[in-house]
Amino acid sequence: MARNQAVYDKRELPTLLWFAFFKWGHNLISSPVEMDFTDNIPDDTSVIHNTLRGNINSFEILIDRYQDYVARIVRNHVPRDEAPEVAHTIFVQAYQSLRGFQGTGSFKNWLAKIAIRCCHDFWRSYYKQPENLAGPLPDACRNWVDHLLTDQSPERDAERVEARDLLQWALGQLSAGDRTVLTLTHLNEYSHAEAAALLDWSVTRVKVQSHRARKKLRKILAKILPQGTA
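Let us look at the structure shown here.

Basis of the calculations
Residues numbered from 1 in each chain as written. Predicted model: local features only at pLDDT ≥ 70, side-chain atom pairs only at ≥ 80, totals over all residues. Heavy atoms only, no water. Helix = DSSP H or I, 4+ residues; strand = E, 2+ residues; numbered from the N terminus. Buried < 20%, exposed > 50% of the residue type's maximum accessible area, 1.4 Å probe, protein only. Contact = heavy atoms within 4.5 Å. Areas by Shrake-Rupley, 256 points an atom, 1.4 Å probe, with all protein chains shown as cover. Axes fitted to C-alpha atoms, helices over the stretch in contact; angles between N-to-C directions. Parallel < 35°, antiparallel > 145°, perpendicular 65-115°, else oblique. Left-handed = near helix turned anticlockwise from the far one by under 90°. Nonpolar A, V, L, I, M, F, W, Y, C, P; charged D, E, K, R; others polar. Salt bridge = Lys/Arg side-chain N within 4 Å of Asp/Glu carboxyl O. Phe/Tyr/Trp six-rings, centres within 6.5 Å; stacked < 30°, edge-to-face > 60°. Lys NZ or Arg CZ within 6 Å of the ring centre and 35° of its normal. Patch = residues over 30% accessible without salt bridge, like charges linked within 9 Å, V, L, I, M, F, W, Y side chains within 5 Å. Lys, Arg positive; Asp, Glu negative; His and termini not counted. Charge placed at Lys NZ, Arg CZ, Asp CG, Glu CD.

1. So, the overall build of the protein
1) Next: Counting its regular elements, the protein contains ten helices and zero strands.
2) Next: Walking the protein from its N terminus toward its C terminus, one meets helices and strands in the order α-α-α-α-α-α-α-α-α-α.
3) Next: Expressed as a percentage of the 230 residues in the protein, the buried residues total 42%.
4) Next: Considering only intrachain contacts with a sequence separation of at least 6, the fraction spanning at least 24 residues in the protein is 69%.
5) Next: Counting every atom, the protein has about 13,500 Å² of accessible surface; 48% of that belongs to carbon and sulfur.

Okay, structure coming up:
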C-alpha cells in the first residue's frame, strides 16, 4: 500500500503490518509490553486519524497500548491454546474496521466490542465442526461426580480443577450465543447493560437469553450432580 493511500481503500493488509499483527497476537498472551506513557505519545484519536491518512504503521501504537487489555478479554472467553490466534484476529478486524470508529465513545470500548464478537464467532465456528461437538462427560469429570455421590463431606477445595473441567464440559452443551452471554453476565459479572453494549444487543435480549442459558446449564448439571449441588 502506498504511503498516501488511506487504509480503508484496501482490503488486503500490507505485508509488514500483517507480520506485526501476527507477532503481537502471540505476544498478547505470553510477553506483555511495558509502555512508557509520556506526553510525546499521541492519544487514540490522533493515532486513528494518522492511520486513516495513510501512515499505516501508526496502528502499532494502538496494538502496544491495548494488547494487555485484549489479552484479558480473550483469556476469559476462549481456550488458552486458541487465545493468540483470536487476539490476532481482533486487531486485524479493528484495523480493517477503523473507518467505522465514530469517535463518540472511547476506542477502548469500541475495541472491546470487537473482541467479544470475535470470541463469540470463535465458538460459533467451533460448534459448527462435528468433531468439536461436546461428547460424553470426560472420565475425570465422571470420576469426580461419582466421588460426590458417595462422599458428601465439605472438604472439596482440592477438587476445583475437576469442577472447572465439569463446568467447561457443561458450557460445551450450550449454543455459542448462550455460552457467550452466560460467560459475560455470570462468570465475568458484567451487568446486563454492559453485556448488551459489548454484543450490540438490547438489554432485554441479554436478560432473556442469560436467564434461559442459566436454566439450561442448571438442567445439564442437575442430571449429573447430586441434588442441591448444581
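2. Observations regarding the packing of helix 3 (residues 59-75) against helix 4 (residues 83-96)
1) Next: Interaxial distance between helix 3 and helix 4 falls to 10 Å at its minimum, and their mutual angle equals 135 degrees. Here helix 3 lies oblique to helix 4, going by the angle between them. Here helix 3 and helix 4 pass one another in a crossing that is right-handed. The residues of helix 4 that touch helix 3, namely those facing Phe59, Leu62, Ile63, Tyr66, Gln67, Val70 and Val74, are Ala83, Val86, Ala87, Ile90, Phe91, Ala94 and Tyr95.
2) Next: A breakdown of the residues in the contact of helix 3 with helix 4 according to their chemical character gives 13 nonpolar, one polar and no charged.

3. Structural notes on the pattern of salt bridges
1) Next: Applying the stated rule across the entire model yields five salt bridges.
2) Next: One salt bridge connects Asp178 with Lys216, and the closest N-O pair in it is separated by 2.8 Å. Within this pair, whereas Asp178 is found in helix 8 (residues 176-187), its partner Lys216 is found in helix 10 (residues 203-222), the two being separated by 38 residues in sequence.
3) Next: When salt bridges with common partners are traced through the structure, they connect Lys113, Arg117 and Asp200 into a single cluster.

4. Describing the packing of helix 5 (residues 107-128) against helix 9 (residues 192-199)
1) Next: Interaxial distance between helix 5 and helix 9 falls to 8 Å at its minimum, and their mutual angle equals 80 degrees. Taken as axis vectors, helix 5 and helix 9 run roughly perpendicular relative to one another. The segment helix 5 lies against helix 9, with Ala112, Lys113, Ile116 and Arg117 engaging Ala197, Leu198 and Leu199.
2) Next: Taken together, the residues that form the contact of helix 5 with helix 9 break down as five nonpolar, no polar and two charged.

5. So, the packing of aromatic side chains
The geometry of an aromatic ring pair is captured by two quantities: the separation of the ring centres and the angle between the planes.
1) Next: The tally for this structure, following the rule as stated, stands at ten aromatic pairs.
2) Next: On the basis of an interplanar angle of 75 degrees and a centroid distance of 4.9 Å, the ring pair of Phe122 and Trp123 is categorised as edge-to-face.
3) Next: The class of Phe122 is buried, set by a relative accessible area of 15%.
4) Next: An aromatic cluster is defined as three or more aromatic residues linked by ring pairs; in this entry it consists of Tyr66, Phe101, Phe107 and Trp110.
5) Next: Stacked on the ring of Tyr69, the Lys or Arg Lys108 has its end atom at 4.6 Å from the ring centre.
6) Next: Over the face of the ring belonging to Trp123 we find Arg179, whose NZ or CZ atom lies 3.6 Å from the ring centre.

6. Some words on a positive patch on the surface
1) Next: The grouping of Arg72, Arg75, Arg80 and Lys108 at the surface amounts to a positive patch.
2) Next: As for its position among the elements, Arg80 is in the loop between helix 3 and helix 4.

By themselves these figures say nothing about function.
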